[in-house]
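Remarks on the overall topology
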Amino acid sequence: MKHSASLLVILTSVLAACSHGGGEDTATPRRHAYPRVQTYDSVYTAVDSFPVHFEVNAQAGRRMPRTGWLDVVYPTYGATMHVSALSYSGDRLEAELEKRRERITLNLYGLSAATEHVTSVDSSFEAVVLVSNDATTTPVQFLATDGHGMLVTGAAYMPGVRPESTADSIAPQVDALHRDILHALKQLCHEVK
């Protein structure tokens, strides 16, 4: 009998604990929330008056600050993709490639990045895309060359990213920029269509 009374007390305590869930029943909002960003559709259009065939998201804005330079503006993402397509002769191509690789490394600020190799559909361009795994103002960068003098480079610039930002807070924007760059690099060719 004493044994069953102890068992009854333990069972009552367990049931009481389960009914309260072990915590408060009131919901508390989180201090910081990540806004839900609506990404642009995957519809692309070729850029006119650019040295190579380069396709950008149709919903993004674009401006050409000077010959061979293109800014693809994504207002919803708070980002601008700065792209250049310039031709170099002889040994200057190798020197420029080295300078651009160094610039990409500096833009990462020592943070990690995933590297992806891309070949254009017509096999005229080889490219490397770097996507940062951390929150940085330049999360997506690329470098493409035909090996014969044409160098196409770009970096997404997101000035709103702060040191206290987390990678998951900008992940939807970074994924969308990455998707757009992969498309552009796969369609990249000399012939302006």
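Structure shown above.
Conventions and cut-offs
Along every chain, residues carry numbers that run from 1 in the direction the sequence is written. It should be noted that, the model being predicted, local features are given only for residues of pLDDT at least 70 and side-chain atom pairs only at 80 or more, the latter also being counted only at that level, while totals for whole chains, interfaces and linings use all residues. Excluding hydrogens and water, the side-chain figures rest on all heavy atoms present in the structure. Cavity: a set of points on a 1 Å grid over the protein atoms alone where a 1.4 Å probe fits but cannot get out. Pocket: an open set with protein on both sides within 12 Å along at least five of seven lines, its lining residues, like those of a cavity, having an atom within 4 Å of a point. Grid points are joined across faces, edges and corners, and a volume is the space filled by probe spheres set on the points. For the purposes of this entry, the term helix denotes a DSSP run of H or I that reaches at least four residues, the term strand denotes a run of E that reaches at least two, and both are numbered from the N terminus. Nonpolar residues are Ala, Val, Leu, Ile, Met, Phe, Trp, Tyr, Cys and Pro. Charged residues are Asp, Glu, Lys and Arg, and all others, Gly as well, are polar. Only protein chains enter the area calculation, which uses a 1.4 Å probe; residues under 20% of their type maximum are buried, those over 50% are exposed, and those in between are partly exposed. In what follows, a contact means two residues having at least one pair of non-hydrogen atoms within 4.5 Å. Throughout this description, a polar contact denotes any pair of N or O atoms lying within 3.5 Å of each other; where both atoms belong to protein, one of them has to be capable of donating a hydrogen while the other can accept it, and for residues adjacent in sequence the pair is counted only when both atoms sit in side chains. Whether two strands pair depends on DSSP finding at least two bridges between them. Here, nonpolar core refers to any group of buried Ala, Val, Leu, Ile, Met, Phe, Trp, Tyr and Cys residues whose side-chain atoms link them within 4.5 Å. Each aromatic pair joins two rings of Phe, Tyr and Trp (for Trp, the six-membered one) with centres within 6.5 Å, and gets the label stacked for planes under 30 degrees apart, edge-to-face for over 60, and tilted for any other angle. Any Lys NZ or Arg CZ found within 6 Å of a ring centre and within 35 degrees of that ring's normal is scored as a charge over the ring.

Observations regarding empty space enclosed by the protein
Under the defined criterion, the tally for this structure stands at one cavity of 30 Å³ or more. Together, Phe54, Glu55, Val56, Asn57, Val72, Tyr74, Met81, Asp180, Ile181 and Ala184 line the largest cavity. Put simply, the parts of the chain that give the lining of the largest cavity at least two residues each are strand 2 (55–57), strand 4 (69–74) and helix 3 (167–187). Counted by class, the lining of the largest cavity contains seven nonpolar, one polar and two charged residues.

A word on the environment of Ser84
Along the chain, Ser84 turns up in strand 5 (residues 79–87). We classify Ser84 as buried; its relative accessible area is 1%. In sequence terms Ser84 and Leu143 are 59 residues apart; their C-alpha atoms lie 9.8 Å from each other. Ser84 has contacts with Phe50, Gly68, Trp69, Arg100, Leu151, Val152 and Thr153, leaving out every residue within four places of it along the chain. A distance of 3.3 Å separates a polar atom in the side chain of Ser84 from a polar atom in the side chain of Arg100.

Description of the pairing of strand 7 (residues 126–132)
Across the seven residues of strand 7, five count as buried, placing the element largely inside the fold. Adjacent in sequence and paired antiparallel, strand 6 (residues 113–119) and strand 7 are bridged by six residues, among which Ser123 carries a positive phi angle near 65°.

Description of the nonpolar core
Across soluble globular proteins, nonpolar side chains have a tendency to be buried as a group. Phe54 and Val152 are the most contacted members of the largest nonpolar core, which has 38 residues in total. Of all the secondary structure elements, the ones that give two or more residues to this core are strand 4, strand 5, strand 7, strand 8 (140–145), strand 9 (150–157) and helix 3. With eight residues, the top contributor of residues to this core is helix 3. Not counting residues up to four positions away in its chain, the partners in contact with Phe54 are Thr45, Ala46, Val47, Leu70, Val83, Phe142, Val152, Ala184 and Leu188. Judged by nonpolar contacts, the second largest core, of eight residues, contains Tyr88, Leu93, Leu97 and Leu130.

Notes on the packing of aromatic side chains
The geometry of an aromatic ring pair is captured by two quantities: the separation of the ring centres and the angle between the planes. Within the structure shown, the criterion is met by five aromatic pairs. Among the aromatic residues, those joined into a ring-pair cluster are Tyr40, Tyr74 and Tyr77. Sitting over the ring of Trp69, Arg66 keeps its end group 4.4 Å from the ring centre.

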